[in-house]
Amino acid sequence: MKQTLGYLALPLLMAAALTTPARADGETIAVFTKNQTNPFFQTVRVGADNMAKTLNAKTLQYIPTKPDSIPEQLSQIEDVVVKKPSAIVFTPVDYKAMVPGVEKINDAKIPVVNITDRSAGGKFLSFVGADDYSLGLETARFLLKTLGGKGNIVIIEGVKGSLTNVDRVRGFNDALKENAGAKLLASQPGNYQRLQALQVMENLMQSNAQIDGVLAANDAMAVGAIEALDGANRKAQVIGINGTKEAIDAIKSGKLLASGDYNGFFQGCLGTMMAIRSLRNQPVIAEIVLKPTVITKDNYQPFDVPLEQRSCPTFEEASKLGGK
Amino acid sequence: MTDISKEAIAPPRSFLSQDAIQVFYRLLAALLICAVLAVLSDSFLSLGNILNVLRQASLTFFIASGLTLVVLTAGLDLSVGANVALSACIAGTVIHKTGSPALGILTGLACGGMVGLLNGVMVTALRIPSFIATYGMLWVLNGLTYWYMAGETLHGFPAGFRQIGSGYLFGLPIPVYLLLVFLGIGTLFAQRTVWGQEIYAIGANPVAARLSGIPVARRLLLVYAVSGTMAGLASIIFLSRLNSAEADIGESLTLPAIAAVLIGGTSLFGGVGTVFGTFIGALILTLVLNGMNLLSVSANWQPLVTGIIVILAVWLDMKTRRRAQ
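One structure accompanies this document, and this report is about it. Remember, predicted model here, so these are calculated numbers, not experimental data. All chains use their own residue numbering, which begins from 1 and follows the written sequence. All chains are assigned letters beginning with A, and all ligands numbers beginning with 1, in the order in which they are written. Per-residue local features of the predicted model are confined to residues with pLDDT of at least 70, and side-chain atom pairs are confined, for both listing and counting, to 80 or more; whole-chain, interface and lining totals are unaffected and use all residues. Working from all heavy atoms in the structure, the side-chain values ignore hydrogens and water.

Focus on the overall build of chain A
- Under the scheme used here, helices are H or I runs from DSSP no shorter than 4 residues and strands are E runs no shorter than 2 residues, and both carry numbers assigned from the N terminus. Helix and strand counts for chain A come out as eleven helices and twelve strands.
- Over its C-alpha atoms, taken along the principal directions, chain A stretches across nearly 70 × 35 × 35 Å.
- Only protein chains enter the calculation, and the probe is 1.4 Å; a residue is then buried if its accessible area is under 20% of its type maximum, exposed if over 50%, and partly exposed in between. Looking at chain A as a whole, 56% of its 324 residues are labelled buried.
- Taking the intrachain contacts of chain A between residues at least 6 apart in sequence as the baseline, contacts between residues at least 24 apart amount to 73%.
- Note on areas: these come from Shrake-Rupley sampling with a 1.4 Å probe, and a residue is covered only by the protein chains present in the view. Surface summary for chain A: the accessible area is close to 13,800 Å², and the carbon and sulfur share equals 56%.
- Counted as positive: Lys and Arg. Counted as negative: Asp and Glu. His and the chain ends are not counted at all. In plain terms, the charge of a residue is placed at NZ if it is Lys, CZ if Arg, CG if Asp and CD if Glu. Counting 35 positive and 32 negative side-chain charges, chain A places the averaged centre of each group 2 Å from the other. In what follows, residue pairs with any heavy atoms lying within 4.5 Å of each other are defined as contacts.

Quick look at the sheet that holds strand 5 (residues 126-130) of chain A
All names here are of chain A.
- Read across the open sheet, the six strands follow the order 2-1-3-4-5-11; overall the sheet is parallel. The open sheet has two edge strands with one neighbour each: strand 2 (58-62) and strand 11 (287-290). Strand-to-strand twist of the sheet, defined as the mean angle between neighbouring strand axes without regard to direction, takes the value 15°.
- Strand pairing is assigned whenever DSSP detects at least two bridges linking the two strands. Both strand 5 and strand 11 contribute to a ladder of four bridges, which runs parallel. To define axes, lines are fitted to C-alpha atoms, for helices over the stretch in contact only, and angles between the resulting N-to-C directions are given on a 0 to 180 degree scale.

Thoughts on the sheet that holds strand 10 (residues 258-261) of chain A
All names here are of chain A.
- Taking strand neighbours across the sheet as the criterion, the six strands line up as 7-6-8-9-10-12 in an open arrangement whose pairing is mixed. The sheet is open, and its two borders are formed by strand 7 (181-189) and strand 12 (293-295), each paired with just one other strand. Each strand axis lies, on average, 20° off the axis of its neighbour in the sheet, ignoring direction.
- The pairing of strand 9 (residues 237-242) with strand 10 spans four bridges and is parallel. By the bridge assignment for strand 10, Ile 241 is matched with Gly 260.
- Against the sheet, helix 6 (residues 163-178) engages strand 6 (150-157), strand 7, strand 8 (213-216) and strand 9, with an angle of about 175° to strand 6.

Remarks on the pattern of salt bridges
Residue and element names in this part refer to chain A.
- The salt bridge definition used is simple: a Lys or Arg side-chain nitrogen within 4 Å of an Asp or Glu carboxyl oxygen. Under the defined criterion, the tally for this structure stands at 20 salt bridges over all chains.
- For Lys 34, the salt bridge identified is with Asp 117, shortest N-O distance 2.6 Å. Here Lys 34, found in the loop between strand 1 (28-32) and helix 2 (39-54), pairs with Asp 117, found in the loop between strand 4 (112-115) and strand 5; they are 83 residues apart in sequence, far enough to count as distant.
- Accessibility expressed as a relative area gives 12% for Lys 34, which makes it buried.
- Exposure remark for Asp 117: the relative accessible area of 8% places this residue in the buried category.
- A salt bridge links Lys 160 to Glu 157; the nearest nitrogen and oxygen atoms lie 3.2 Å apart.
- What makes Glu 157 buried here is its relative accessible area of 5%.

Points about the environment of B:Asn205
Residue and element names in this part refer to chain B.
- With respect to the helices, strands and loops of the structure, Asn 205 is situated in the loop between helix 9 (194-204) and helix 10 (206-211).
- Through-space distance from the C-alpha of Asn 205 to that of Phe 269 is 9.9 Å; in sequence the pair is 64 residues apart.
- Looking at Asn 205, its side chain comes within polar contact range of the main-chain nitrogen of Val 207, at 3.1 Å. Pairs of N or O atoms within 3.5 Å make up the polar contacts considered here, provided that, within protein, one atom can donate a hydrogen while the other can accept it, and that residues adjacent in sequence are counted only when both atoms are side-chain atoms.

Description of the interface of chain A and chain B
- With 30 residues of chain A in contact, the opposing surface of chain B contributes 40 residues.
- Accessible-area loss on putting two parts together, using a 1.4 Å probe and summing over both, is the definition of buried area adopted here. Of the roughly 3,100 Å² buried at the junction of chain A and chain B (both faces included), carbon and sulfur atoms supply 47%.
- Area buried by chain A at its contact with chain B is led by A:Arg194, A:Asn203 and A:Gln206, which between them contribute 19% of it.
- Applying the counting rule to chain A against chain B returns five salt bridges.

As for unusual backbone geometry
- Even without a glycine there, the phi angle at A:Lys109 is positive, about 60°.
- In this fold, A:Lys109 is placed in the loop between helix 4 (99-107) and strand 4.
- Its relative accessible area of 64% is what places A:Lys109 among the exposed residues.
- The backbone of B:Arg127 shows a phi angle near 55°, a positive value even though the residue is not glycine.

Here's the deal with the environment of A:Thr116
Residue and element names in this part refer to chain A.
- Looking at where Thr 116 falls in the secondary structure, it is placed in the loop between strand 4 and strand 5.
- Owing to a relative accessible area of 4%, Thr 116 belongs among the buried residues under this scheme.
- Separated by 14 residues in sequence, Thr 116 and Ala 130 place their C-alpha atoms 6.6 Å apart.
- A distance of 2.7 Å separates the side chain of Thr 116 from the side chain of Gln 267, its partner in a polar contact.

Some thoughts on helix 11 (residues 216-242) of chain B
All names here are of chain B.
- A helix is expected to reach a length of 1.5 Å times the quantity of its residues less one. Here helix 11 spans 39 Å end to end across 27 residues, near enough to the 39 Å set by a 1.5 Å rise per residue.
- Taken across its 27 residues, helix 11 has 21 buried, putting it largely inside the fold.
- Directly beyond the C-terminal end of helix 11, a positive phi value near 65° is found at Asn 243.

Take a look at the structure:
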């Protein structure tokens, strides 16, 4: 029944689209992120706000009060379906568990763009994200190049089983395989937590007299590992992923070798841009997977700008950033 | 019932009490784990690693020591981890803004203590069960911390301040000295002071405690305030050791602290347990993770093994206690 109504409505909608050239400004974009604790999502939200302001639209932020809470995001979806924003920019707290939520949004006929974590199901008008595998691969390649293709390496993993961790660690391991001189000593979990990474590193230093390189699946753990190395007066090259402010500072001071830029700011910008463009009947890019940038002491400057002062890319730039 | 009230008016505990026997079992378990790890890993028994384990256990112990007193009164403080997070973020801001570590430390302790006191007020004046009051507090604190930090991280503290968590004195990490001091104070307070004995009595039987003239409400207030203040202390050690604070540190600290108390033999039903047992509980938790790191045990097994140890410890505890009675 719903379906038939949909088919009946379609020509009407198309006619409406043709007769009204572009809808007026002032759309409301509901932006869903996973938590308030990870600085990464703060950059996503600032990017989304920035883009919306540029295009004379508004954002409404939806963030679970309990980090990454599945039931909470689901109930926020229920709220938003009632409130009916013009469009939604959506990061699922769990890429599989939130599929029913996405279907609710689809049923309510609210256009939705998927950002950051690729949802396992549902219909989206666009996907904007970064490639965790290539981030892992490129940062690890950079570390191994710095070490001359050899050395004793440890990996500090994020939350076991999380999509970001699986892909990043797979990238690390593939880079290690390319370098016959590199030896993986251990791959241990730090659960994306600084304290746990610090303790794991302290423990690993006890059983390994020589550690040359540390591959950490995020910046907080990389910084934790550096604290452990400093505490033991030992030196190793450390890389992280995310490009947080803290990581940039550590790269500037020479403590951190590099960080893979996950580019939350651009993800927020581009997700919001695609949502608004589709509302204004402008062409959108169906998929943008941002190319990985390895932030090092040679190229950190553009990343060392406060979030508020950064600017979003234009649509023309967006298509060059990794559009498919 | 008569047994419990007898316990409530029992004379001060000697070191050969039932608690002492429980502590002995736990020490034995810790030594057994050490022996196994020493056989499996060459680096386990090195001085460096032993200091390493003690320093790692200290953070859990600081949180868990105050929590032990709460559990001794048959209460629970679920807000300790969230309290550490808020206190660390506030203390960190104060140090950044004023440049004075001393002021930061005082603020951290005061913030932790205030939160504890509020918990105490909810439990005593409003008569909310501690489990619910402190669970609510956990959310309040998370909310405040997330709002306050807005996804930012505080980092970079003065070198002098960093010494508290990362420094050494005569070859021993400074947190290990603090561990010994608070282990001593906690043990003396619980076993040798009237207030300590009253806390045991309240946990064993609150009605009997009240009838025998113990100011139950005031002692409970004290206990929650101490638990909060110890969370405040832990926040300072955390800041100084990690050189940073972020809003989401709390969740990863609460459950290990509760586990340390339980593995240490303090009964959730109150009146039974020791601060020293909690120290061993923290030690066992740390040893297990340290051992799995040294042996490069796959990441998947680590939470599983920890879980099994908590369950085993509590089960063994109930079994031995039943036999003793």
